[in-house]
Amino acid sequence: MTNKTLLFWACMAFATIAQSQQPVSLTDKDYEHAEQFLIYNTAPLVDHGPVRPNWIEGDRFWYRDLNANGSEFKLVNSVNGKRGPAFDANKLAASLSTTIGKNYSANRLPFQYFNYATDGKSILFNIDGKAWKCSLSDYQCGSAPAPIKKNRNEVISPDGKKAAFIKDYNLWVRDLASNETTALTTDGIKDFGYATDNAGWRGSDAPVMLWSPDSKKIATIKQDQRNVSDMYLVTTNVGKPTLKAWKYPLPGDKEIITIQRVIIDVDTPKTIFIKVAPDPHRASLSDDILDGNTLADVDWKADGSELAFVSTSRDHKVEKFRIANAATGDIREVFEETVPTQFESGQGAINWRYLPASKEIIWYSERDNWGHLYLYDATTGQLKNQITKGDFVVTKLLRVDEKKRELYFLANGREPGNPYFTHFYKVRFDGSHLKLLTPEEGIHQISLSPSGKYFVDSYSQPDVPAVSVLRNTDGKLISTLEKTDISRLQANGWKPAIPITVKAHDGSTDLYGIMFTPTHLDPSKKYPIIDYIYPGPQGGSMSGNWSFSASRGDNQALAELGFVVVLIEGTGNPLRSKSFHDMNYGHMSDNTLPDQITGIRQLAAKYAYIDTNRIGIWGHSGGGFATACAMFKYPDFFKVGISESGNHDNRNYEDDWGERYIGLLTFGKDGKSNYEDQANQNFAKNLKGKLLLAHGMMDNNVPPYNTMLVVEALEKANKSFDLVVFPNSPHGYGSYNPYMMRRRWDYFVKNLLGAEPPINYELKWKPDPRNGD
């Protein structure tokens, strides 16, 4: 062979090797394709979705139905099931077009919500902030008197005549007719004010309170944070930064926020201090003292003469049920419950009720390993009977019918199948006549009529679209309202996630989740897998949402880029038995990671296209904590991680979180605290793979110093990593969310898929055209 021939073949071999080593590149078109699976592109292709009823007089309701042509407003009579147009949309569109001077159609009306006027002969709605009134007889439309405005930081009384608000750390009330304001308290000062709202990780300017049913009294608190330590954040801007400082206690702090319970007589006005020592800033269910938008764990007697309340210990292990005399502040201790780990009064809702007419209490407890309802004597504090029993979890108590002595509630796990599926039941106070009202498999979302005689039920599964029906509270089907149509979505290439079941790390406990694969999956190829994680312990990767959704975050979009994406609901989370929820109590840093690892291995054994040599993981907040932990403690399993806004050291996160799920901060003989070995920065030296950290520098939920501790530890260990900082963003990044999503795609594409992403692709959110936005 001549030298020229040898040179030729050598060049050819070099060219072949060079070509084989060229990284694959993804293009804008690949990202555009993935973007089609985000919610703003999938939701407009779903027709006749779950019905969200707006109840009006006579057990009637209206709802807005989105369909391929736009939307329709429908009116339903629950008594006979008759359904029809809420109004003549063609006549209304013509009238509005003439009056306003714009072209409207019956399916593209310029509003999404309306109300029937009190006379029942006209409807009221807003267009571009202006109030309109249209007659239902001749459809003549004109400007309507502006409704009495409620400031978003006010709480309206039940009779609709007064609004309570905070001013200069005191509680005030405004007469809505005259606009006259009156100070209800006068001795409130900074950090020791009335009805003030600060949970450390969140707060607002709205009052924390509950009106009595007769609108004459207010149950509230005087919040004492005078000796509590501060947290600090600083803005990024031209010139000197602005310092934000607020009270933010940490685990182990000697001084935490406390609440003195008070009752205010509005007409006098007079403040009655309830005669009990201040409680820790705690509630029986969450790490805040708000239940929705009202003061948690309080319940009025109808005439306002008594206030029942529950006090929670600092470590969430002791609950005390008390009843106060609203005139004197005297209290009566009724009963208490103590648990070894942490107490919860429900799953997503506080489930205790005070029934003064019969002198009874409905109580929620997990004392038999399952969340159930119990009936107590309010006079003696003695248990009368357990109401619900069995291996299932009562999640939300929706209605108490004292006259019939019946309870209506949601529960998980009683019916066969996925234990996270929710059904609706009723049962008598004595525990008899338990009846299933929603027999279909799936998650049932319930809306009861004001009379309690009817309910709208929208039920679905992660891979089965919703059906919405109307039933009475005996369970009789009155009518089928809507069946979700996803034919347009499927025509666009969409497919549902795959429900999965695996065994937990103990080898026996069943775990549930869902898996996303590319719509054009080639089973003969190998795909890297991405584990989306949220470890809880107040809710897992599914966030309690097992209903149908056209998109869940960017999971399917990521799959379209060439990945398998999995969500596994790990042990140590709620909605199942108490022992299941307590599996990781005291050891929050377990982060369900042993479950994730064994689950992925089981999936790979079942689905040969999963490549266990290329495993990524990502999560936000608690999921950011879990992701960094995975990269540090299991560096040979997880190769690429994206940790967003993680609470990496719970000594640097608000006191109520760690003290509830880890326990009070204590020190051993070696001087180490029980939190020390759960701090991510202490294991940063173990990093082997590619890690991206991200945090908003104005994060008042999980302060950014959590991530900075990990950054410093990685630098000390001479580890390479990547960092994205949002200088003025909060916990969720706000308007920078699309940027973070794109960076997430880029990072996995480059480091896990081994391809080059397009440069600076821009995600383009767009509104649903059916909303007329």
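Everything that follows concerns the structure shown earlier in this document.
Residues numbered from 1 in each chain as written. Predicted model: local features only at pLDDT ≥ 70, side-chain atom pairs only at ≥ 80, totals over all residues. Heavy atoms only, no water.

Looking only at helices and strands, the protein chain has 12 helices and 50 strands in total. In terms of C-alpha radius of gyration, the protein chain reaches 29 Å, essentially the compact-globule figure of 28 Å for 773 residues. In terms of overall dimensions, the protein chain has C-alpha extents of about 110 × 75 × 65 Å along its principal axes. For the protein chain, with 773 residues in total, the buried portion stands at 56%. Residue pairs at least 24 apart in sequence account for 58% of intrachain contacts in the protein chain once pairs closer than 6 positions are excluded. Each charge class in the protein chain was averaged separately, 88 positive and 91 negative side chains, and the resulting centres sit 2 Å apart. (Helix = DSSP H or I, 4+ residues; strand = E, 2+ residues; numbered from the N terminus. Rg over C-alpha atoms; globule rule 2.2 N^0.38 Å. Buried < 20%, exposed > 50% of the residue type's maximum accessible area, 1.4 Å probe, protein only. Contact = heavy atoms within 4.5 Å. Lys, Arg positive; Asp, Glu negative; His and termini not counted. Charge placed at Lys NZ, Arg CZ, Asp CG, Glu CD.)

Along the chain, the position of T196 falls in the loop between β14 (192-194) and β15 (197-198). Taking the relative accessible area as the measure of exposure, T196 reaches 15% and is therefore buried. A polar side-chain atom of T196 sits 3.0 Å from a polar atom in the side chain of Q223. If sequence neighbours within four positions are ignored, T196 has contacts with I166, V208, I221 and Q223. (Polar contact = N/O pair within 3.5 Å; in protein donor to acceptor, adjacent residues only side chain to side chain.)

Moving on to the sheet that holds strand β3 (residues 60-67). Reading across the sheet, the 4 strands line up as β2-β3-β4-β5 and stay open at both edges, with antiparallel pairing between neighbours. Bordering the open sheet on either side are β2 (54-56) and β5 (83-85), each of which pairs with just one other strand. Neighbour-to-neighbour, the strand axes of this sheet turn through a mean angle of 30 degrees, independent of strand direction. Across 3 bridges, the pairing between β2 and β3 is antiparallel. Bridged to W55 within β3 is F61. (Pairing = 2+ DSSP bridges. Axes fitted to C-alpha atoms, helices over the stretch in contact; angles between N-to-C directions.)

Turning to the environment of I446, a few remarks are in order. In this structure, I446 sits in strand β38 (residues 443-448). The spacing of I446 and V456 is 10 residues in sequence and 5.8 Å in space, taken between C-alpha atoms. Excluding residues within four positions of it along the chain, I446 makes contact with L398, L410, F424, T438, F455, V456 and D457.

Below, the discussion takes up the sheet that holds strand β12 (residues 170-175). The sheet built from 4 strands is open, its strands ordered β10-β11-β12-β13 with antiparallel pairing. At either end of the open sheet lies a strand with only one pairing partner, and these are β10 (155-156) and β13 (181-183). Here strand β11 (residues 162-167) pairs with β12 via 6 bridges, running antiparallel. What sits directly across from A163, in β12, is R174.

Using the criterion set out here, one finds 1 disulfide in the structure. Covalent S-S linkage joins C134 and C141, the inter-sulfur distance amounting to 1.9 Å. Between C134 and C141, the disulfide has an S-S torsion of 120 degrees and is therefore right-handed. Look at C134 and you get buried, because its relative accessible area is 1%. C141 gets classed as buried once you look at its relative accessible area, which sits at 14%. (Disulfide = S-S within 2.5 Å.)

This paragraph deals with helix α8 (residues 593-606). The end-to-end C-alpha distance of α8, which contains 14 residues, comes to 20 Å, matching closely the 20 Å that a straight helix rising 1.5 Å per residue would cover. What α8 keeps buried is the set L593, D595, Q596, I597, G599, I600, L603 and A604. Buried residues along α8 sit against β42 (498-503), β43 (510-516), β44 (527-532), β45 (564-569), β46 (610-620) and α9 (622-633). (Expected span 1.5 Å × (residues − 1).)

Turning to the packing of helix α2 (residues 28-35) against helix α12 (residues 737-753), a few remarks are in order. With their axes 13 Å apart at the nearest point, α2 and α12 run at an angle of 120 degrees to one another. Between α2 and α12, the angle falls in the class oblique. In this structure, the crossing between α2 and α12 has a hand that is right-handed. On α12, the residues touching Y31, A34 and E35 of α2 are R742, W745, D746 and V749. Looking at the contact of α2 with α12, its residues break down into 4 nonpolar, no polar and 3 charged. (Parallel < 35°, antiparallel > 145°, perpendicular 65-115°, else oblique. Left-handed = near helix turned anticlockwise from the far one by under 90°. Nonpolar A, V, L, I, M, F, W, Y, C, P; charged D, E, K, R; others polar.)

Turning next to unusual backbone geometry. The omega angle of the peptide bond from T268 to P269 is -20 degrees, so this bond is cis rather than trans. With respect to the helices and strands, the residue P269 is situated in the loop between β21 (258-265) and β22 (270-273). In this structure, the amide linkage connecting G536 to the following residue, P537, adopts the cis form with an omega of 10 degrees. In the Ramachandran plot, D297 falls in the positive-phi region, its phi being about 60 degrees despite a non-glycine side chain. Here D297 is to be found in the loop between β25 (294-295) and β26 (298-300). Taking the relative accessible area as the measure of exposure, D297 reaches 4% and is therefore buried. Even without a glycine there, the phi angle at N718 is positive, about 60 degrees. In this structure, N718 sits in the loop between α11 (705-716) and β49 (722-726).

The next point concerns the pattern of salt bridges. On inspection of all chains with the given rule, the structure shows 42 salt bridges. E337 is the partner of R367 in a salt bridge, and the nearest nitrogen-oxygen pair spans 2.7 Å. Note that R367 is positioned in the loop between β31 (360-365) and β32 (372-377) and E337 in strand β29 (residues 331-338), a separation of 30 residues in sequence. On the basis of relative accessibility, which here comes to 39%, the residue R367 falls in the partly exposed class. For E337, a relative accessible area of 8% gives the class buried. As a salt-bridge pair, R414 and E415 come within 3.0 Å of each other at their nearest N and O atoms. When its relative accessible area of 39% is taken as the criterion, R414 is described as partly exposed. Bridged by salt links that share partners, the residues R282, R314, D655, D656 and E659 form one connected network. (Salt bridge = Lys/Arg side-chain N within 4 Å of Asp/Glu carboxyl O.)

Turning next to a nonpolar patch on the surface. On the surface, Y232, V234, L243 and Y705 cluster together into a nonpolar patch covering about 380 Å² of accessible area. By the element assignment, V234 lies in strand β19 (residues 230-234). The class for V234 is partly exposed, based on a relative accessible area of 41%. (Patch = residues over 30% accessible without salt bridge, like charges linked within 9 Å, V, L, I, M, F, W, Y side chains within 5 Å. Areas by Shrake-Rupley, 256 points an atom, 1.4 Å probe, with all protein chains shown as cover.)

With that settled, the discussion passes to the environment of W494. If you trace the backbone, W494 turns up in the loop between α5 (487-491) and β42. Each C-alpha atom, one on W494 and one on R353, is 45 Å from the other, the two residues being 141 residues apart in sequence. In this view, W494 contacts F37, T42, I486, L489, F548, S549 and A550; residues no more than four positions away in its chain are not counted. One polar contact links the side chain of W494 to the main-chain carbonyl oxygen of A550, over a distance of 2.9 Å.

Attention shifts here to the side chain of N412. Along the chain, the position of N412 falls in strand β35 (residues 406-412). Relative accessible area serves as the criterion here: at 2%, N412 is assigned to the buried category. Side-chain polar atoms of N412 contact the backbone oxygen of Y420, separated by 3.2 Å. Within the structure, N412 has its side chain in polar contact with the side chain of T422 (distance 2.7 Å). In this structure, N412 is in contact with F392, V393, T395, P419, Y420, F421, T422 and L575, ignoring residues within four places of it in sequence.

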